[in-house]
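Residues per chain, in single letters:
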Amino acid sequence: MDFSSLEKFIVTDNPLLRDQYGEIKYRVGTFFPEGDGGRILTGPTIHAILKLYYIQVLNGERAARGQGPLDPEQSLQARFDAVDLIMNDAMVYIRPHTGDMDLTFRAEAYVRRLGVPRHLIRFIDVRKAEARSAINRRGERWRAQEMPKTDEDIREFITSSRITLGTRAVYYFSHATGTKYMTYHQFSEIGRLPAAEMLPCLLELRELSEQKAPDGSALLVFFRTSGFGSFNLELCDLHQADEGQVMKQYSALKRSFQHSTEEGFAEDNLDDPVWKGAMVDALLGPENGRDRDQLEEEALGLSREFRSRVAWLPGGTVRNGLLEPDEVFDSADAAADDMAKRLLDRRVIGIIRNFLQDIPDLQYINVGRVESSMSRRKSRNIVMPGIRLVYVAVYRSRAEERDSVGFIRFQKKDVSYFLDMGYDLDEAERAAAAYGASVMRRIEACRRLRLNVIPTEMKRIRETYRGVNLRYRGSEISSGYFLRGYAFGYATDKIPSRLYQSAEFAGALATLLGRAAASSIILGRLHDGEILFDDGDEVLLLDERKMPADIVVTDITSAFSDVEMPLAEFAGDFVFPVISRTGLVPDADDFKRHYIDEFSRRFGEIRNDYIRNRDAYLGLFSSGDADADFCRQWTGSLRRLEETDVRELAEIMENFSMGA
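Residues numbered from 1 in each chain as written. Predicted model: local features only at pLDDT ≥ 70, side-chain atom pairs only at ≥ 80, totals over all residues. Heavy atoms only, no water.

Some remarks on the confidence of the model for the chain
Basically, it comes down to this: pLDDT measures how confident the predictor is about each residue, on a scale from 0 to 100. In this description, contact between two residues means that some pair of their heavy atoms is separated by no more than 4.5 Å.
Confidence in the prediction of the chain, expressed as mean pLDDT, is 88, and 92% of residues score 70 or more. This model gives residues 288-301 a pLDDT under 50, and the stretch forms 35 contacts once residues within four places in sequence are excluded.

Description of the sheet that holds strand E14 (residues 362-370)
Selection rule: Each pair of strands is called paired provided DSSP finds at least two bridges between the two strands. Working definition: helices are DSSP H or I runs of at least four residues, strands are E runs of at least two. Numbering for both runs from the N terminus. Between N-to-C directions, angles cover 0 to 180 degrees, with each direction set by a line fitted to C-alpha atoms, over the stretch in contact for helices.
Strands sit in the order E11-E14-E15-E16-E18-E17 across an open sheet of six strands; the sheet is antiparallel. This sheet does not close on itself; its edge strands, each paired only once, are strand E11 (310-313) and strand E17 (456-464). Direction aside, the axes of adjacent strands within the sheet are offset by 35° on average. Sheet contacts for helix H15 (residues 347-358): E11, E14, strand E15 (390-397), strand E16 (404-410), E17 and strand E18 (476-485); angle to E17, the most-contacted strand, approximately 135°. Contacting E17 and E18, helix H17 (residues 425-448) crosses the sheet at an angle of about 160° to E17.

A closer look at the packing of aromatic side chains
Applicable threshold: Aromatic rings from Phe, Tyr and Trp, with only the six-membered ring used for Trp, were paired whenever their centres fell within 6.5 Å, and each pair was classed as stacked if the ring planes differed by under 30 degrees, edge-to-face if by over 60, and tilted otherwise. The rule is simple: take the accessible area with a 1.4 Å probe, protein chains only, and divide by the maximum for that residue type; under 20% is buried, over 50% is exposed, in between is partly exposed.
Applying the stated rule across the entire model yields 29 aromatic pairs. When the ring of Tyr486 is compared with that of Phe488, the centres are 5.1 Å apart and the planes differ by 80°; the resulting orientation is edge-to-face. By relative accessible area, Phe488 is classed as partly exposed at 41%. Seen from their ring centres, Phe621 and Trp634 are 5.2 Å apart, and the 90° between their planes marks the pair as edge-to-face. Residue Phe621 is found in the loop between helix H21 (614-619) and helix H22 (628-643), and its partner Trp634 is found in helix H22; the two are separated by 13 residues along the sequence. The pair formed by Phe621 and Trp634 is uniform in burial state, with each residue classed as buried.

Digging into the nonpolar core
The criterion, for reference: Definition used in this section: a nonpolar core is a set of buried Ala, Val, Leu, Ile, Met, Phe, Trp, Tyr and Cys residues joined via side-chain atoms within 4.5 Å.
Core analysis: the largest hydrophobic core is formed by 72 residues, its most contacted members being Tyr171, Met182, Phe187, Ile190, Leu202, Leu205 and Phe222. The residues contacting Tyr171, other than those within four sequence positions of it, are Ser161, Arg162, Ile163, Leu165, Lys180, Tyr181, Met182, Glu204, Leu205, Leu208 and Leu220. Val453, Leu512, Leu567 and Tyr617 belong to the second largest nonpolar core, which has 61 residues in total.

Focus: the pattern of salt bridges
We apply this condition: A carboxyl oxygen of Asp or Glu within 4 Å of a side-chain nitrogen of Lys or Arg is what we treat as a salt bridge.
Applying the stated criterion across every chain yields a total of 46 salt bridges. Glu197 serves as the salt-bridge partner of Arg168, at 2.7 Å between the closest nitrogen and oxygen. Note that Arg168 is positioned in the loop between strand E7 (162-163) and strand E8 (171-173) and Glu197 in helix H8 (residues 195-209), a separation of 29 residues in sequence. Salt bridges here are not isolated pairs; linked through shared partners, they connect Arg450, Arg515, Glu598, Arg601, Arg602, Glu605, Asp609 and Arg612.

Considering helix H20 (residues 588-612)
Rule in force here: How far a helix is expected to stretch is found by multiplying one less than its residue total by 1.5 Å. Here a polar contact is recorded for every N or O atom pair within 3.5 Å, except that within protein the pair must consist of a potential hydrogen donor and a potential acceptor, and residues adjacent in sequence are included only if both atoms are side-chain atoms.
Across its 25 residues, H20 extends 36 Å between first and last C-alpha, which sits within 8% of the 36 Å expected from 1.5 Å per residue. Sitting at the head of H20, Asp587 places a side-chain oxygen 3.1 Å from the backbone nitrogen of Asp589.

A few points about the packing of helix H2 (residues 47-64) against helix H3 (residues 72-80)
Here is the rule: Relative orientations are named as follows: roughly parallel for angles under 35 degrees, roughly antiparallel for angles over 145 degrees, roughly perpendicular for angles from 65 to 115 degrees, and oblique for any other angle. If you view the pair so one helix is near and one far, a crossing is left-handed when the near helix is turned anticlockwise from the far one by less than a right angle, and right-handed when it is turned clockwise. Residue polarity is assigned by list, with Asp, Glu, Lys and Arg as charged and Ala, Val, Leu, Ile, Met, Phe, Trp, Tyr, Cys and Pro as nonpolar; anything else, Gly included, falls into the polar class.
The geometry of H2 relative to H3 is characterised by a closest axis approach of 10 Å and an angle of 130° between their N-to-C directions. In terms of axis orientation, H2 runs oblique to H3. Crossing angle aside, the handedness with which H2 passes H3 is right-handed. Where H2 abuts H3, its residues Lys51, Leu52, Ile55 and Leu58 lie against Ser75, Ala78 and Arg79. Here the residues of the contact of H2 with H3 are counted per class, giving four nonpolar, one polar and two charged.

Here's the deal with the environment of Ser497
You can see Ser497 is positioned in the loop between strand E19 (490-491) and helix H18 (503-523). For Ser497, a relative accessible area of 47% gives the class partly exposed.

Quick word on the sheet that holds strand E5 (residues 91-94)
An order of E1-E3-E2-E4-E5-E6 is seen for the six strands of this open sheet, with the pairing classed as mixed. The open sheet is flanked by strand E1 (11-12) and strand E6 (121-123), the only strands paired with a single partner. The pairing of strand E2 (residues 28-34) with strand E3 (residues 37-42) spans six bridges and is classified as antiparallel. Opposite Pro33, over in E3, you have Gly38 as the bridge partner. Across the face of the sheet, H2 comes into contact with E2, E3 and strand E4 (83-88) while running at roughly 40° to E2.

Details of H15
Between the first and last C-alpha of H15 there are 17 Å, a value that for 12 residues agrees with the 16 Å anticipated at 1.5 Å per step. Among all positions in H15, only Val348, Ile349, Gly350, Ile351, Ile352, Asn354, Phe355 and Leu356 are buried.

Observations concerning a negative patch on the surface
Here is the rule we go by: Here, patches come from residues exposed beyond 30% relative accessible area and free of salt bridges, joined within 9 Å for like charges and within 5 Å for nonpolar side chains (Val, Leu, Ile, Met, Phe, Trp, Tyr). Only the protein chains shown count as cover for residues, with accessible areas throughout obtained via the Shrake-Rupley method and a probe of 1.4 Å. Charge counting follows a simple rule: Lys and Arg are positive, Asp and Glu are negative, and His as well as the terminal groups are ignored. The location of each charge is read from NZ of Lys, CZ of Arg, CG of Asp or CD of Glu.
On the surface, Glu23, Asp89, Glu152, Asp153 and Glu156 cluster together to form a negatively charged patch. Counting through the fold element by element, Glu152 comes out in helix H6 (residues 151-159). A relative accessible area of 63% means that Glu152 is categorised as exposed.

Looking at the pairing of strand E12 (residues 316-319)
With four bridges connecting them, E12 and strand E13 (residues 322-325) associate as antiparallel partners. Within E13, the residue paired with Gly316 across the bridge is Pro325. The loop that links E12 with its antiparallel partner E13 comprises two residues; one of these, Asn320, has a positive phi angle of about 55°.

What follows is the structure, encoded as structure tokens:
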């Protein structure tokens, strides 16, 4: 292949070279290992051409030393050992070499030696287990390219994927797969160019259309078309074409492209959710596109409601039982970079050190922050008070063969909360300790009333106070959090609709929901008059047949908030789990019957156990260490339980209008 026209554009070891407008000059680059170092080539072409060009460079260097050219096997190995890079603004993305992850990290180290800060180097296309596992073992899950989350993220993701390859033709480039997408809109833009500039675009398109990826897939795809492809370009005689012939052949290609483009995809429209969604799916790749939520579930063990909500954060590497914090925490470049500032959460260091104390043989850990609530309360305009910081930890000990997941919720009313309220430090620490102890007592009380609460521990870290109380700003304070295991299942309000098609599934779910509802109504979980049930805190666990096995409760927010109102006053609200599933289950009346029958049975069981063991229940939280408010709530809930006739509740629920 003749590279004479390309040679003058190739840049060595400057992946973030910018043009006269301050834009990244070349988006495509490749790292080639050489001895203890390496070489990075970038240019207006594709990775495959850069690799072929590199072989020519090596052969030229060998000839200068009096050596013969590389044999076919050596040439193939040199190309195989290369690592693909993609540049975007100030970022360098590395596509993992899954056959040799050490080579991937060697490429990363070389990019850093060229002056690119660590937090601006990310890994893309981590679908394969080899890549994912190697990155996780280094505690660097945060360096894997994030899925676009918000509409703003999606727009930026699509816009930043646009590239050129030496001509004026614009492509949408998939970092994950290396595929270039040509849309009809961008092809139409070529028609605005003079014939002298149009011809190189068409030649480039034809050359790209002939290229194949190592897996045999096309490197150029004409976006959302049928019946248009490389064969259309092959029919054009472009090399000897004059200006008139170029215009004529372009017009014919444009008509064919337009006729083959699916309806609604003729314009690149970032305001069209259908076009936007299709382009994101294409750019993320077949395994990361429409099924990207399933990918995260399979890769990390997190359920679907976590899709695109976890922002993975720098932590550190565990070596010999000790944590080596990620150097990005002490990087001057990171300290001055707004993107890095959003990543640097020093609470993560404290969380990891607590895990190390509990798990001395901890192999690795990755911690992410859950960016927004997954319950329906936000849509119901229920604003919960206090601090609401939530984290997820994915970790593995050396004795385990699979990852474990921990769910971390920081104490809503902690030392920083009370300092912000104007307390002095001693008062704030006492108030925070009392609040944390109260939460743990409430969890125990919920368990006593048969609520299936997932086991929870109280932990603390030290951090610097940066709140509004100027007297203590900069002081070291203690912050508490609640650590529990992760419930591997579906939040009951987010169960996929397809599962409801089975009558067996629906009946079993109704029974479990009725059982959980009995404890929930006794606990008086209300906020601003709204019951908190079946809104994200209850998680359905499935058995090996994918049938409902149990429901566990992950959060007891607002438990015992109302212990005075007769339960009959809001019994009707507990029919909502039935009403909301009326159009999903095969038989709504059967679902309602199972739900109410189990609600009644469970309620009666709890009430009878209390009456038989009244002294044990009343004495459970009457010691001096329990706060007076909670003792009042506890005894009030028990008194109301005894006074309630479950038959009245069942009748109210039975007669509650299904059309309400």
